[in-house]
Amino acid sequence: MMMIRRWRRSGDFLRSACKSLTSLRQKHNSMSPSVSGFVNRYESKGKTFESNAWNDHNRELDHHSCVGGNLWMMQQYKSFGSSSSSASKLQRNPLFSSLEPRDVSFFNEILGGEKYVVQDEERLETANTDWMHKYKGSSKLMLLPKTTEEVSQILKYCDSRSLAVVPQGGNTGLVGGSVPVFDEVIINVGLMNKVLSFDEVSGVLVCEAGCILENLATFLDPKGFVMPLDLGAKGSCHIGGNVSTNAGGLRLIRYGSLHGTVLGLEAVTANGNVLDMLGTLRKDNTGYDLKHLFIGSEGSLGIVTKVSILTQPKMSSVNLAFIACKDFLSCQKLLVEAKRNLGEILSAFEFLDNNSMDLVLNHLDGVRNPVSSSENFYILIETTGSGETYDREKLEAFLLKSLEQGLVSDGVIAQDINQASSFWRIREGITEALQKAGAFYKYDLSLPVEEIYNIVNDLRGRLGDLANVMGYGHLGDGLIEPYVYEWTSKHRGSISAEHGLGVMKANEIFYSKSPETVALMVSIKKLLDPKGILNPYKVLPHSFFSP
Amino acid sequence: MKILVAVKRVVDYAVKIRVKPDKTGVDTQNVKMSMNPFCEIALEEALRIKEAGFAKEVVAVSIGPSQCVDTLRTGLAMGADRGIHVEASYSFLPLTIAKILKSLADVENPGLIFLGKQAIDDDCNQTGQMVAALLGWPQATFASKVVVLDKDKQSATVDREVDEGLETLSVDLPAVITTDLRLNQPRYATLPNIMKAKSKPIKKMTLEDLKVDIKSDIEIVEVTEPPKRKSGVIVSSVDELIYKLKNEAHVV
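The rules behind the values
Per-chain numbering applies: the sequence of each chain, read as written, is numbered from 1 onward. Chains and ligands are labelled by the order in which they are written, letters from A for the one and numbers from 1 for the other. Selection of residues for local features in this predicted model requires a pLDDT of at least 70, selection of side-chain atom pairs for listing and counting requires 80 or more, and totals for whole chains, interfaces and linings are taken over all residues. By convention in this description, side-chain values take in all heavy atoms of the structure and omit both hydrogens and water. Put simply, DSSP H or I for four residues or longer makes a helix, DSSP E for two residues or longer makes a strand, and each gets a number counted from the N terminus. Accessible area is worked out with a 1.4 Å probe on protein chains only. A residue is then buried under 20% of its type maximum, exposed over 50%, and partly exposed in between. Any two strands between which DSSP finds at least two bridges are classified as paired. Only the contacting stretch of a helix is used when fitting its axis, a line to C-alpha atoms as for every element, and angles between N-to-C directions run 0 to 180 degrees. UniProt positions are given in the numbering used here, feature names are shortened, and annotations may be inferred rather than shown by experiment. Contacts: residue pairs with any heavy atoms within 4.5 Å of one another. Two parts placed together each lose some accessible area under a 1.4 Å probe, and adding up what both lose gives the buried area. Within this document, salt bridges are pairs made up of a side-chain nitrogen of Lys or Arg and a carboxyl oxygen of Asp or Glu, the two lying within 4 Å of each other. Contacts described as polar in this section are N or O atom pairs within 3.5 Å, which, within protein, must combine one atom able to donate a hydrogen with one able to accept it, while residues neighboring in sequence count only if both atoms come from side chains. As a working rule, the residues Ala, Val, Leu, Ile, Met, Phe, Trp, Tyr, Cys and Pro are called nonpolar, Asp, Glu, Lys and Arg charged, and the rest polar, with Gly in that last group. As used here, the term nonpolar core means buried Ala, Val, Leu, Ile, Met, Phe, Trp, Tyr and Cys residues forming a set that is joined through side-chain atoms within 4.5 Å. Throughout, a disulfide means two cysteine sulfur atoms within 2.5 Å of one another. Residues form patches when they are more than 30% accessible in relative terms and have no salt bridge. Like charges link within 9 Å. Nonpolar side chains (Val, Leu, Ile, Met, Phe, Trp, Tyr) link within 5 Å. All accessible-area figures derive from a Shrake-Rupley calculation using a 1.4 Å probe, and residue coverage is judged against the displayed protein chains alone.

(A) How the structure looks around the overall build of chain A. Scanning chain A for helices and strands turns up 21 helices and 18 strands. Across the 547 residues in chain A, those meeting the buried criterion constitute 59%.

(B) Layout of the sheet that holds strand 4 (residues 165–168) of chain A. Strand order in this open sheet of four strands is 2-3-5-4 (chain A), and the pairing throughout is mixed. Each having just a single partner strand, strand 2 (117–118) and strand 4 of chain A make up the two edges of the open sheet.

(C) Seen up close, the sheet that holds strand 10 (residues 274–277) of chain A. Residue and element names in this part refer to chain A. Strand order across the open sheet formed by five strands is 6-7-11-9-10, with antiparallel pairing between neighbours. Of all strands in the sheet, those bounded by a partner on one side alone are strand 6 (195–198) and strand 10. On average, each strand axis in the sheet is tilted by 10 degrees relative to the strand beside it, whichever way the strands run. Two strands pair when backbone bridges link them, and strand 6 and strand 7 (residues 204–208) are joined in this way by three bridges, in the antiparallel orientation.

(D) Molecular detail of the UniProt feature "domain: FAD-binding PCMH-type" (unreviewed entry) in chain A. Mapped onto this numbering, the UniProt entry annotates "domain: FAD-binding PCMH-type" (unreviewed entry) at residues 135–314 of chain A. End C-alpha atoms of residues 135–314 of chain A are separated by 38 Å, and the span's content is 22% helix alongside 23% strand.

(E) Broad picture of the interface of chain A and chain B. Of the residues lining the interface, 26 residues belong to chain A; the matching set on chain B comes to 22 residues. Its largest share of buried area at the contact with chain B, chain A owes to Arg 368, Gln 415 and Ile 417 of chain A, together 28% of the area lost on that side. For the pair chain A and chain B, the number of links is one salt bridge. Where Lys 198 of chain B meets Glu 396 of chain A, a salt bridge forms, and the shortest distance between an N and an O atom there is 2.8 Å. Taken together, chain A and chain B are joined by eight residue pairs in polar contact (both at pLDDT 80 or more). Mapped by element, the contributors of at least two residues to the side of chain A that touches chain B are strand 13 (317–325), helix 16 (388–405), strand 16 (410–413) and helix 17 (417–428) of chain A. When residues of the side of chain A that touches chain B are assigned to their parent elements, the largest contribution, seven residues, is made by helix 16 of chain A. The residue makeup of the side of chain A that touches chain B, split by class, is twelve nonpolar, eight polar and six charged. Pairing geometry for strand 16 of chain A and strand 12 (residues 189–190) of chain B, over two bridges, is antiparallel. In the strand pairing of strand 12 of chain B, Val 412 of chain A is matched with Thr 190 of chain B.

(F) Seen up close, the nonpolar core. The biggest cluster of nonpolar side chains holds 74 residues, and the ones touching the most others in it are Ile 323, Leu 334 and Ile 381 of chain A. With seven residues, helix 1 (residues 37–51) of chain B is the single largest residue contributor to this core. If sequence neighbours within four positions are ignored, Ile 323 of chain A has contacts with Leu 334, Phe 377, Tyr 378, Ile 379, Ile 381, Leu 399, Val 408, Asp 410 and Gly 411 of chain A together with Leu 191 of chain B. Core analysis: the next-biggest nonpolar cluster, separate from the first, contains 68 residues, Val 118, Cys 158, Val 262 and Ile 533 of chain A among them.

(G) Broad picture of the state of the cysteines. The full count for this structure, using the stated rule, is zero disulfides over all chains. Free of any disulfide, Cys 68 of chain B has its nearest neighbouring cysteine sulfur in Cys 39 of chain B, separated by 11 Å.

(H) Just a nonpolar patch on the surface, in detail. All names here are of chain A. Residues Tyr 288, Leu 290 and Leu 293 make up a contiguous nonpolar surface patch of about 340 Å² in total accessible area. Here Tyr 288 is to be found in the loop between strand 10 and helix 13 (291–294). In this structure Tyr 288 comes out as exposed when scored by relative accessible area, which is 76%.

(I) Broad picture of the pairing of strand 7 of chain A. Residues and elements named next belong to chain A. Burial runs high along strand 7: five of the five residues are buried. Of the two faces of strand 7, both are covered, the one formed by Val 204, Val 206 and Glu 208 as well as the one formed by Leu 205 and Cys 207. Where strand 6 folds back on strand 7, the antiparallel hairpin that results is connected by five residues, among which Gly 203 adopts a positive phi of roughly 80 degrees. Strand direction decides the pairing type here: strand 7 and strand 11 (residues 303–310), joined by five bridges, are antiparallel. Pairing of Val 206 across the sheet is with Ser 308, part of strand 11.

(J) Fine view of the pattern of salt bridges. All names here are of chain A. In the structure shown here, the tally under the stated rule is 40 salt bridges over all chains. One salt bridge in this structure joins Glu 208 and Lys 194, with 3.9 Å as the shortest N-O distance. Taken together, the positions of Glu 208 in strand 7 and Lys 194 in the loop between strand 5 (185–188) and strand 6 put the pair 14 residues apart, joining distant regions of the chain. By relative accessible area, which is 46% here, Lys 194 ends up partly exposed. The salt bridge partner of Asp 230 is Lys 234, with a shortest N-O separation of 3.0 Å. Asp 230 gets classed as buried once you look at its relative accessible area, which sits at 12%.

See the structure below:
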């Protein structure tokens, strides 16, 4: 069949491009590991796609890659054949126990009934599947603890019984880190959603891990504060999950990463120990700052149950401009100029390329290109400050100067919040549009700013018609498979700028970290979680933990 | 022909408003203000008519404190040719605004006056109609579809969105038209236009210049939030529902 043939062809291409990778993989999987995650998906939906004669476009191998300052690369697979999935390549650790009725009884007792001990198939179906519908586990049980004490009891029990668990928050992750790989018990902290305290002078917010990010923002708004992070998934993601994955997002350029804004947290380790590191002080140099271990550990070292975070005063004057640039060099120069001229009021600098724009325009409703002409690159510049007129003038002056200098070919400034929302919709809607468009590979890479778009052009050259390669991302943070990872590694970038390693990139860490570093990580993991029950098969390479 | 467009500076549509503690009005401190969305649509329509060749000049006018100039700048950035700012220290009610616009119309002699059908802060939906009455001009309100101008006959055809459906009117010019939501999608302010707007003039006028009597017969006594919606109750059986409908809600 034409589809499979092309698929095999691309498989060959990928294989030849990344020889080192094939040595890490089993031979029968002719696609790269990062690709195999998709095979898993399509296997289950195989029939739909193979019999679907949508359009010729779909039968080709589409690769969408998104590149960012950190970079997101999407490779879209519209055709595929059946092949072994990464999950079946992965073996369930036989040292883990299987769920037994006595376990369910125990949980019923300590959590208080069926309401908190979920075995309902429909609900489990959702909890077992990640947001991108790429990964699906087969857990038979989801627990909904209401307090830290309950989390502690659950973990203590699971550790003694050698039951593997998956901590789960909003389940909006993009690397399969929040869903079971096999039958791990899901521990969802969604019911732990209370705000515990808020200091209106210092702006320190203390809340439970299950609070939804958008709800926290709504809570802070009337008090005149904002959360230091903002991402497209804000309506569903939990702050606990954000902390556990060290989420970046659109405001990183202004407020910095969670390693800086999280002042403290409370976490429960695998044996049920509650670690109270819930400080609210900006300055506290007493011993090793252990909270940093948990920030970004993706639930593999402990379950975060409470977070203390520094929020920022809300500044009323927000301006947003949507700019068109001819080439990537102009985008980079514009970034430098923006940092220099807009300085302290610059709060976001995002970019997307033409392919991304086309994708969004084609797949989302009610969206139009703010700039009348079609250009190669589009940039979103946002300023946040306290002086409405002053900020406005500063932004206008900067943009007009850039226009005169030829850095910018066209652009618009949003006149009201509605227009601003529609600009953001374009940038934030790319992932959604990709989902609607079909199968894709998404690479979230960070590279030195000057290298960023080179990888997209490089891939375009190599993949030609096979792929639709597109790039977008947080250019301002300096925030795109086997070939991609190698390229990234060679150019001293990170293979996962923001989304974490999850299950998708668990074996790829060596592209960005040295063997000695990884060895130490493994030691720490084994120290904190000797049986490896917390979120197994993820983050660190499987080979270190298989019996 | 000249088109006069009245634009109002209001609290941005997307902002969650709060009533001031003294109940004299809505809190507008540190709150994002923008051009009234209906006024944007009105201005967009005027610009399209000019681009179609039926008008020579589009003049934007705003009445209020000095920050109104920002709103006028937006209008100029969209494409209006010049702006008029009528200084006023506080916000006026529709009749006063209508009198001011009438005076302006006597000075400027436009062929068309465009307004948004209502402002989103007071929802009055009165100014356009009052202006027409004061001037003795025909009016076509809630315009929802293409406004076609007939150059020779000096008239316009307007589709109005009314409760029963669509009504098509033909009005002789000069006339007053107020715009509704579905009329058009306003353009964005592009950088080149923002640049051009910097050199477009905004004339300042005072109430004395226009000889308008601003005394109002209406005084705002109090502004309060609507009562908070009470939470619902889940009933356990049909009988209980009927009981409640009968004895508590008194609807059965």
